[in-house]
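# Close look at the chain arrangement
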Amino acid sequence: MEIKILDNKQQVAKVFSEYFAQLAASTDKLTVALSGGSTPKIVFDYLAEHFADKIDWSKIYLYWGDERCVPPTDSESNYKMTVDHLLSKISIPEENIYRVLGENDPEEEAIRYGELLDATLATTKGIPQFDLVLLGMGDDGHTASIFPNSIYLWDSSRNCKVATHPDSGQKRVTITGKVINQAKNVAFLVTGESKKEKVKEVINREGEFNSYPASMVNPTSGELIWFLDQEAATGI
Ligand code: 6PG
């Protein structure tokens, strides 16, 4: 595990973007699971502004680690956020983009997307393998859309499951622990003071860490990198 502590959110965006560009340059094809949330948004802005013509986007294949079950035009859609902040500003072939169809029946979509991962990604030990999974962490220790009150979803035998947001009741499709931990690289992007308690417990493995899905992230044959700002890292 590697932990990068940067001065502020902008530095997190910059250093992550450089890491991403390096990964892209090192391979002919890079499969990436994106995440929603406020930190990826800043990262997408940075990539769009500084790396639009520095990365060969035609070899990047984009998926989502989790998606809200809303149409792609809804302001809650992680796909829409990515279009607005990144995809509309770079040149990437349409066929490289595998969005979760948030407008469809959640249970059926979780099955379809899980099968799509099997069909389009390389597999190792029968499990689809992303080159890179981007994750955020919520103030409650959730990651992807696996929340503490449904942490059992982490150990599902399926690639994707339907999760329910504990407060809003919103349905989401999320990849499960076996897919996350099979990735070649997992990058946690976590910024802001509200994250400092959980970051401390998860990284130091103390307190209630066992009840937070973010603590289960441990890519067995891959690399885990945390990109934190000073505020989020205060406690470690
Ligand atoms: C989502 C996300 C979610 C997010 C965390 C952190 O769709 O809501 O994928 O898991 O990464 O909630 O979000 P922030 O970066 O906004 O704190």
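Right, let's walk through the structure included here. Please read all numbers here as calculations on a predicted model, not as lab measurements. Position labels on residues start from 1 in each chain and follow its written sequence. Owing to the predicted nature of the model, reporting of local features is limited to residues with pLDDT of at least 70; listing and counting of side-chain atom pairs is limited to 80 or more, with chain, interface and lining totals taken over all residues. Only hydrogens and water are removed before side-chain values are computed, so all heavy atoms of the structure are retained for them.

Turning to the packing of aromatic side chains, a few remarks are in order. Stacked, edge-to-face and tilted are the three classes for Phe, Tyr and Trp ring pairs, Trp counted by its six-membered ring, which pair at centre distances within 6.5 Å; planes under 30 degrees apart are stacked, over 60 edge-to-face, the rest tilted. Inspection of the entire model under this criterion finds 10 aromatic pairs. Seen from their ring centres, Y63 and F130 are 5.2 Å apart, and the 75° between their planes marks the pair as edge-to-face. Placement of the pair is Y63 in strand β3 (residues 60–64) and F130 in the loop between β6 (127–128) and β7 (132–135), with a sequence separation of 67 residues. The same class applies to Y63 as to F130, namely buried. Summarising the aromatic geometry, the rings of F188 and W226 are spaced 4.2 Å apart at their centres and angled 20° between planes, so their arrangement reads as stacked. Pair noted here: F188 is in strand β10 (residues 185–190) and W226 is in strand β11 (residues 223–229), with a separation of 38 residues, a long-range link. What links up through ring pairs into an aromatic cluster is the set F16, Y19, F20, W57 and F227. Working rule: Lys NZ or Arg CZ, within 6 Å of ring centre, within 35 degrees of ring normal, means a charge sits over the ring. One cation-aromatic arrangement involves K29 over Y61; the distance from NZ or CZ to the ring centre is 4.7 Å. Of note, R99 hangs over the ring of Y79, and the distance from its end group to the ring centre comes to 5.3 Å. Under the DSSP-based scheme used, a helix requires at least four consecutive residues in state H or I and a strand at least two consecutive residues in state E, with every element numbered from the N terminus. For the exposure calls, accessible area comes from a 1.4 Å probe over protein chains only, and a residue counts as buried if that area is under 20% of its type's maximum, exposed if over 50%, partly exposed in between.

The next subject is the sheet that holds β7. Backbone-to-backbone hydrogen bonds join strands into a sheet, with any given pair of strands oriented parallel or antiparallel. Pairing between strands is defined by DSSP: at least two bridges between them are needed. If you trace the six strands from one edge of the open sheet to the other, you get β1-β11-β10-β7-β2-β3, paired in parallel fashion. Unpaired on one side and paired on the other, β1 (2–6) and β3 mark the two borders of the sheet. The mean inter-strand angle of the sheet, taken between neighbouring strand axes irrespective of direction, is 20°. Alignment of strand β2 (residues 30–34) against β7, held across two bridges, turns out to be parallel. Within β7, the residue paired with A33 across the bridge is V133. Residue contacts follow a heavy-atom distance rule, with two residues in contact if any of their heavy atoms lie within 4.5 Å. Orientation is described by lines fitted to C-alpha atoms, with helices fitted over the stretch in contact, and by angles between N-to-C directions that extend from 0 to 180 degrees. Running over the sheet, helix α6 (residues 196–204) touches β1, β10 and β11 and is turned about 155° from β11.

Detection works on a 1 Å grid of protein atoms alone, calling trapped sets that fit a 1.4 Å probe cavities and calling open sets with protein on both sides within 12 Å along at least five of seven lines pockets, with lining residues defined by an atom within 4 Å of a point. Grid points are joined across faces, edges and corners, and a volume is the space filled by probe spheres set on the points. As enumerated under the stated definition, the model contains one cavity of 30 Å³ or more in all. Here the largest cavity is characterised by a volume of approximately 60 Å³. Taken together, F16, F20, L34, V43, F44, L47, W57, L62, L86 and L134 make up the lining of the largest cavity. Those elements that place two or more of their residues in the lining of the largest cavity are α1 (9–25) and α2 (38–51). Any residue that is not Ala, Val, Leu, Ile, Met, Phe, Trp, Tyr, Cys, Pro, Asp, Glu, Lys or Arg is counted as polar, Gly included; the first ten are nonpolar and the last four charged. Partitioned by chemical class, the residues of the lining of the largest cavity number 10 nonpolar, no polar and no charged.

Scope: geometric values only; no functional claims are made or implied.
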